[in-house]
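Tertiary structure, described
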Amino acid sequence: MKTMAAILSLFAFATVGFAHAQPDPVRVVVETSMGTFELDVDVDRAPVTANNFLRYVDGGLYDGGTFFRTVHGANQPTDSIRIAVVQGGRSPDATVESFPPIPLERTSETGILHTDGAVSMARGGPDTATHSFFICIGDQPSLDFGGMRNPDGQGFAAFGSVVTGMEVVRAIHRAPYEAQQLTPAVEIMRVYRKMSGGP
C-alpha cells in the first residue's frame, strides 16, 4: 500500500509539473487615440493564429493602423444573424505587404470561444485571414464553429481576450459611424508586447 501511495504521489506531482509547463499567454498593449487596453494572446491553444498576430505586432505593422469598423444591431439591416464587434488592422496605406493567409484554427479545436472581450481574426473564406482582427462586445456564439454568421459554418479563429481596458474598446464601439465605418477611424498608435515585470 505504501508503494502504491508513493507511486500515486509521484504521478500527482508529475501532473502538476506538466500543467505548470504550459506557456503563459503573451500580454500585448494596444495604444489608440481613444485610450489603451491590453490583451492576452493564447499561443498555447491557438498557436497558428496567435503567432501570426504576434509577427505583425513584433514587426510594428499595426502601428499607424486603425479601428475602422463598428458593428451594432442597428447597422446590420441585411444580416439575419447580428453581432457586436469592433474591427481593426494595419494601415491601408502600408507599403509592406501582409504576410500570407493562415489556416483557420476553429473554435472546436482551440476551445477559445467568442465571449465578451474575445479577440479573433477577420476573414472571408476559410484560410484567408491575414492581419485584420476584431474584438467581441458581449458574447457572440454565432461566430464560433457551427455558428451561422458566416454561411460556411466554420466560425472564426479566436486567439485571446482583452484583460484590461475593455471600457476603451466599448468606447470605440460607441464612436460615431456611418453604415459600419467609424467616422473618423480610431487611430492605432502603437501595439507591442508587455515585458514581464514591466509597467
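One can find the structure itself at the top, above this paragraph.
Remember, predicted model here, so these are calculated numbers, not experimental data.

When helices and strands are counted, the chain shows 4 helices and 9 strands. Moving toward the C terminus, one meets the helices and strands of the chain in the order α-β-β-α-β-β-α-β-β-β-α-β-β. Each of the 199 residues in the chain was classed as buried or not, and the buried ones make up 45%. Within the chain, residue pairs in contact and separated by at least 24 positions form 71% of the contacts whose partners lie at least 6 positions apart. As presented, the chain carries roughly 10,200 Å² of accessible surface, and 59% of it is formed by carbon and sulfur atoms.

With that out of the way, let us pick up unusual backbone geometry. Cis geometry is found at the peptide bond from Thr 183 to Pro 184, where omega equals 0°. Turning to its location among the elements, Pro 184 is positioned in strand β9 (residues 181-193).

So, about the environment of Arg 149. Along the chain, Arg 149 turns up in the loop between β6 (133-136) and β7 (157-164). Residues Arg 149 and Ser 80 lie 69 residues apart in sequence; the distance between their C-alpha atoms is 8.4 Å. Arg 149 has contacts with Arg 69, Gln 76, Asp 79, Ile 81, Arg 82, Ile 83, Ser 142 and Leu 143, leaving out every residue within four places of it along the chain.

As for its position among the elements, Ser 91 is in the loop between β4 (85-89) and α3 (107-110). Apart from residues lying up to four places away in sequence, Ser 91 is in contact with Leu 61, Gly 64 and Gly 65.

Now for the packing of aromatic side chains. Within the structure shown, the criterion is met by 9 aromatic pairs. Between Phe 53 and Phe 159, the ring centres sit 4.9 Å apart and the planes meet at 45°, which makes this aromatic pair tilted. Of the two residues, Phe 53 sits in helix α2 (residues 47-58) while Phe 159 sits in strand β7, which places them 106 residues apart along the sequence. We classify Phe 53 as buried; its relative accessible area is 1%. An angle of 40° between the planes, with centres 5.7 Å apart, marks the rings of Tyr 56 and Tyr 62 as tilted.

A few words now on the nonpolar core. Val 28, Phe 37, Val 41, Phe 53, Phe 67 and Ile 135 are the most contacted members of the largest nonpolar core, which totals 38 residues. Residue assignment for this core shows that the elements contributing at least two residues are β1 (26-32), β2 (35-41), α2, β5 (118-121), β6, β7, α4 (166-174) and β9. In terms of residue count, the dominant contributor to this core is α2 (5 residues).

Here the focus is α2. For α2, built from 12 residues, the straight-helix expectation of 16 Å at 1.5 Å per residue is met to within 8% by its first-to-last C-alpha distance of 16 Å. By the burial criterion, the buried members of α2 are Thr 49, Ala 50, Asn 52, Phe 53, Leu 54, Tyr 56 and Val 57. Contacts from the buried residues of α2 go to β1, β2, β5, β6, β7 and β9. Phi for Gly 60, located one or two positions after α2, is positive at around 70°.

Rules and cut-offs
Here the residue numbering is sequential within each chain, running from 1 through the sequence in written order. Given that this is a predicted model, residues contribute local features only at a pLDDT of at least 70 and side-chain atom pairs are listed and counted only at 80 or more, while totals for whole chains, interfaces and linings are drawn from all residues. By convention in this description, side-chain values take in all heavy atoms of the structure and omit both hydrogens and water. Each helix is a run of DSSP H or I of at least 4 residues and each strand a run of E of at least 2, with the numbering of both proceeding from the N terminus. Burial classes follow relative accessibility: with a 1.4 Å probe on protein chains only, a residue under 20% of its type's maximum area counts as buried, one over 50% as exposed, and anything between as partly exposed. Here, two residues are considered to be in contact whenever any of their heavy atoms come within 4.5 Å of each other. Where accessible areas are quoted, they stem from the Shrake-Rupley method and a 1.4 Å probe; at the residue level, only the protein chains shown are allowed to cover. Only centres within 6.5 Å qualify two rings of Phe, Tyr or Trp (six-membered ring in Trp) as a pair; their planes then separate them into stacked at under 30 degrees, edge-to-face at over 60, and tilted for everything else. For this analysis, a nonpolar core means a set of buried residues of the types Ala, Val, Leu, Ile, Met, Phe, Trp, Tyr and Cys, connected via side-chain atoms within 4.5 Å. To estimate the expected span of a helix, subtract one from its residue number and multiply by 1.5 Å.

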